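Residue-level structural notes
Here's the letter readout for the chains.
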Amino acid sequence: MDTDLNLTQHISNRFNDELEEVRSQVMNMGGLVEKQVSDGLKALLKAKSKLGEKVASSDYKVNAMEVDIDEQCTLILARRQPAASDLRLVISIIKTITDLERIGDEAEQLGMYAIKLADDNIKPSQFVELRHLGEHVKGMLHDALDAFVRMDVVAAMETIEASSTLKEEYDAISRQLILQMMEDPRQIKNALHVHWCARSLERIGDHAENICEYVVYLVKGRDVRHVSIDEMKAELEE
Amino acid sequence: MSEVTGMTEAFDATPVVDRDPLESGARVVEQPDIHQEITGTVGNPFTDNLKMSTRNVDVFYGDKQAIFDVSLDIGANEVISLIGPSGCGKSTYLRCLNRMNDTIPSCRTTGEFLLDKEDIYAKSMDPVLLRARVGMVFQKPNPFPKSIYDNVAYAPRLHGLAANRAELDEIVVSSLQKAGLYEEVKDRLDASGTGLSGGQQQRLCIARTIAVSPEVILMDEPASALDPIATAIIEELIDELRANYTIVIVTHSMQQAARVSQRTAYFHLGKLVEVGDTNQIFTNPQHQLTENYITGRFG
């Protein structure tokens, strides 16, 4: 039997407000991180160093939000001693914002590479391999945040499932870059840059997957970390 | 949503996509009339490690039914907590376990109650002897207006458990020790029990219960009249007593139930809604009513 997750039915209205407030701040943070990733990728693919600088210099905002939300969660734990779904909500928020902060760091990296790219006068055409991977990762992050907001386990599971193709794409890019480097050693520096960016994107996808796992924990109370997708499904059908 | 956008703007970044959980097809579940939904007990009310078992228990006060078809096992050397809102029947159920309800004329109890496979409502069962085997500690400490020594010695004397004064002394001392009170009162065993602090009085009552070597101890909100320090001492004591006794505790404090018990049973409107491992009940309850109660929601 599933229980409903309704944040607004506490006898204490202030508790309702506190949970709503912290949850809406996570949504804000998610929106900001999504924007950072999107801008970082755009700066990279279009060699816009200004935009890259903006992304790199905006990371502090993400960090500040993490600290702020963390503190609010600490206060909720201290004041309310939440149980059951409330406890799972607070715990999954604390974990989600850690992953969001890490995604912010990777977006910052993308911004830095965009600046480097412009400085070194490298043609953005060399980064086109990243376009497809980047779009895929952006989509995954979006879906993960959506699943979190809606507390939607089905969507979370779909997103987790989609992450396997992401890893394949990353591997394909790695192989392609190795070939390039073998063919023309003068390309090694550029190829490494591309590879680091691909690595950042792959990490973002991984963090998005983590967020989806927290959604499953939040809604179902099941910990599905470190298990295969088939085991997850079997676990949830129990 | 306006507030969300506003806050994001403060950071000079608009969200990539507006999210409205309701507009974007969130799964909104119609809330059924939940009180009609208690059809049986969720979770496993049974245990292999059996001390007491109760089956299909109904309790009536006159025409009014207070307990509806409750079946629940109590395992040996476990602490099981009974939780639920006021009037849910948890105390009534607790009092059935040593036939305390017998003293209420309008109260009628049906169903099966076994203590070590023995029917406690059988004609051959002496309620006084039963209450020596299944002892009780109440919400408000209620020491007799006698000395500390006599409070503890009262029941052993009544049941003739000591052949001489030396044996009685030994029972009194060891009971006070087990209740964690001896060190505080050893120099004034002749002083009145009512002169102790609230927490000490409650431990005296526990010592009084232990003095007749019960098998099961029933506790009805044993710490609700105590300060946090006395409460912590009682909780610590409950954990120690578990080695030798089976403990059933009624409590209104969620945190206390979560801390002291291995299993938790949730009662609502006279029905046993859910029972399970305490760890599971407090992190992932399966019934909406349990969830509502332990998270402080309307329900």
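Quick look at the structure, then. Nothing here was measured: the structure is a model prediction, and the numbers come from that model. (Residues numbered from 1 in each chain as written. Chains lettered and ligands numbered in written order. Predicted model: local features only at pLDDT ≥ 70, side-chain atom pairs only at ≥ 80, totals over all residues.)

A closer look at the overall build of chain A
Which entries qualify depends on this criterion: In this description a helix means any DSSP run of H or I spanning at least four residues, a strand means any run of E spanning at least two, and both kinds are numbered starting from the N terminus. Computation of the radius of gyration draws on C-alpha atoms, with the globule rule given as 2.2 Å multiplied by the number of residues to the power 0.38. Any residue whose C-beta has 12 or fewer other C-beta atoms within 10 Å is treated as exposed, any with 20 or more as buried, and any in between as partly exposed, C-beta atoms being built from the backbone. Contact criterion: two residues are in contact if their C-beta atoms, reconstructed from the backbone, are within 7 Å.
Along the backbone of chain A there are 7 helices and 0 strands. Ordering the α and β elements of chain A from the N terminus gives α-α-α-α-α-α-α. Whereas a compact globule of 238 residues would reach a radius of gyration of roughly 18 Å, chain A reaches 20 Å, a difference of no more than 12%. If you line up chain A on its principal axes, its C-alpha atoms span 65 × 40 × 20 Å. Residues classed as buried in chain A amount to 48% of the 238 residues present. Summarising the internal contacts of chain A: among those between residues at least 6 apart in sequence, 78% fall at separations of at least 24.

Description of the environment of B:Ser124
All names here are of chain B. Secondary-structure assignment places serine 124 in the loop between strand 5 (118-119) and helix 3 (127-133). Under the C-beta neighbour-count criterion, serine 124 is labelled exposed, with 6 such atoms within 10 Å. In this structure the C-alpha to C-alpha distance between serine 124 and lysine 186, which are 62 residues apart in sequence, comes to 40 Å.

Examining the pairing of strand 2 (residues 64-75) of chain B
This is how the line gets drawn: Only strands joined by at least two bridges in the DSSP assignment are considered to pair.
The pairing of strand 1 (residues 50-61) of chain B with strand 2 of chain B spans 8 bridges and is antiparallel. Looking across to strand 2 of chain B, one finds that B:Met52 is bridged to B:Ile74.

Section: the environment of B:Asp48
Residues and elements named next belong to chain B. Its location among the elements puts aspartate 48 in the loop between helix 1 (2-10) and strand 1. On the basis of neighbour count, aspartate 48 is assigned to the exposed category, with 7 C-beta atoms found within 10 Å. As for aspartate 48 and leucine 129, which are separated by 81 residues in sequence, their C-alpha atoms are 26 Å apart.

Things to note about the sheet that holds strand 9 (residues 263-268) of chain B
Residues and elements named next belong to chain B. What counts, and what does not: Structural elements are reduced to axes, namely lines fitted to C-alpha atoms, with helices fitted over the stretch in contact, and the angle between N-to-C directions of any two is expressed from 0 to 180 degrees.
Judged by pairing direction, the sheet is mixed, and its 6 strands sit side by side in the order 6-7-8-3-9-10 without closing on themselves. Every interior strand has two partners, whereas the edge strands, strand 6 (134-137) and strand 10 (271-277), have only one. With direction set aside, neighbouring strand axes in the sheet form an average angle of 20°. Here strand 6 pairs with strand 7 (residues 216-220) via 4 bridges, running parallel. Of the residues in strand 7, the one forming a bridge with valine 137 is methionine 219. Helix 7 (residues 198-210) rests against strand 6 and strand 7 of the sheet, and its axis sits at about 170° to strand 6.

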